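# Close look at the chain arrangement
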Amino acid sequence: MEIGKKINQLRKLSGMTQEQLAEKLAVSRQTISKWELGGTSPDLESVVKVGKIFHVSLDDLLLEGEEHVENKREEQITLEDLMKINLHNRNMMLLLISGLIFIMVSILNFAYVIVLQETTSSTQYILYQYIVTGQFANAPVNYVKLLLPSIITGGIGLALCLYYILKNRKKQKGSGCLL
């Protein structure tokens, strides 16, 4: 498409008359009419002003052909692409947060079992001092069974965090940029 036709389309889309555009460019209405009809072409200074008025790049005004349009479409990100990226990022963030929660629960459970073990050991020692007769029956507690949920939740949390890290590395290598 010729530059005159592009100027005509931009002017009409913006609701501007030839006189209004001519006034902004400091040229006559007839000059605008000649540009739009293809009789003459605007000088470089006028093209720059037109680009600024209509917020259009010089490439869009000056370059012709489908090749420029196709290249521009390939560079643009659509709203659908942005929504997919946003959904993916939200899912990955939930994955990371859930992994961290699992690890936190695991640490708290582990700390609880250690404190419980210390408490029962000191209680047993105190009771042992008071019951010297040997009739004290020690009720052993299997602390490994108490730590099993801690180990499982910690493993799940680590697995989720590792999955998040690996997915982000693949994504960064594929896109070639750091997030």
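Residues numbered from 1 in each chain as written. Predicted model: local features only at pLDDT ≥ 70, side-chain atom pairs only at ≥ 80, totals over all residues. Heavy atoms only, no water.

Glancing now at the overall build of the protein chain. Helices and strands together make up the secondary structure of the protein chain, namely eight helices and zero strands. Counting from the amino terminus, helix and strand elements in the protein chain follow one another as α-α-α-α-α-α-α-α. When contacts within the protein chain are restricted to residue pairs at least 6 apart in sequence, those whose partners lie at least 24 apart make up 65%. Counting only carbon and sulfur atoms, one obtains 62% of the accessible surface of the protein chain, whose full area is about 13500 Å². (Helix = DSSP H or I, 4+ residues; strand = E, 2+ residues; numbered from the N terminus. Contact = heavy atoms within 4.5 Å. Areas by Shrake-Rupley, 256 points an atom, 1.4 Å probe, with all protein chains shown as cover.)

Inspection of the secondary structure assignment puts Gln117 in helix α7 (residues 79-130). With 26 residues separating them along the chain, Gln117 and Tyr143 place their C-alpha atoms 7.4 Å apart.

Right, let's get into helix α2 (residues 18-25). For an α-helix the count is 3.6 residues per turn, leaving residues at separations of three or four pointing the same way. When α2 is considered as a whole, its buried residues turn out to be Gln18, Leu21, Ala22 and Leu25. Along the axis of α2, the buried positions cluster into a sector of 100°, meaning they face one direction only. Within α2, the exposed residues directed more than 90 degrees away from the buried face are Glu19, Glu23 and Lys24. Among the structural elements, α1 (3-14), α3 (29-37) and α4 (44-54) are those in contact with the buried residues of α2. Where α2 ends, the next residue or the one after it, Ala26, has phi of about 60°, a positive value. (Buried < 20%, exposed > 50% of the residue type's maximum accessible area, 1.4 Å probe, protein only. Arc of directions from axis to C-beta.)

Moving on to α1. Compared with an ideal rise of 1.5 Å per residue, which puts twelve residues at 16 Å, α1 spans 16 Å between its outermost C-alpha atoms and is within 8% of the ideal. In this fold, the buried residues of α1 make contact with α2, α3, α4 and α5 (58-62). Positioned one or two residues after α1, Gly15 has a phi angle of 80°, which is positive. (Expected span 1.5 Å × (residues − 1).)

Our focus in this paragraph is the nonpolar core. Core analysis: the biggest nonpolar cluster contains 14 residues, and Ile7, Leu21, Leu25, Ile32, Val50, Phe54 and Leu61 have the highest contact counts within it. When residues of this core are traced back to their parent elements, those giving at least two are α1, α2, α3 and α4. Apart from the residues lying within four places of it in its own chain, the contact partners of Val50 are Ile7, Leu25 and Leu61. (Core = buried A, V, L, I, M, F, W, Y, C linked by side-chain atoms within 4.5 Å.)

The next point concerns the environment of Lys167. Among the secondary structure elements, Lys167 is positioned in helix α8 (residues 143-175). Residues Lys167 and Met92 lie 75 residues apart in sequence; the distance between their C-alpha atoms is 8.6 Å.

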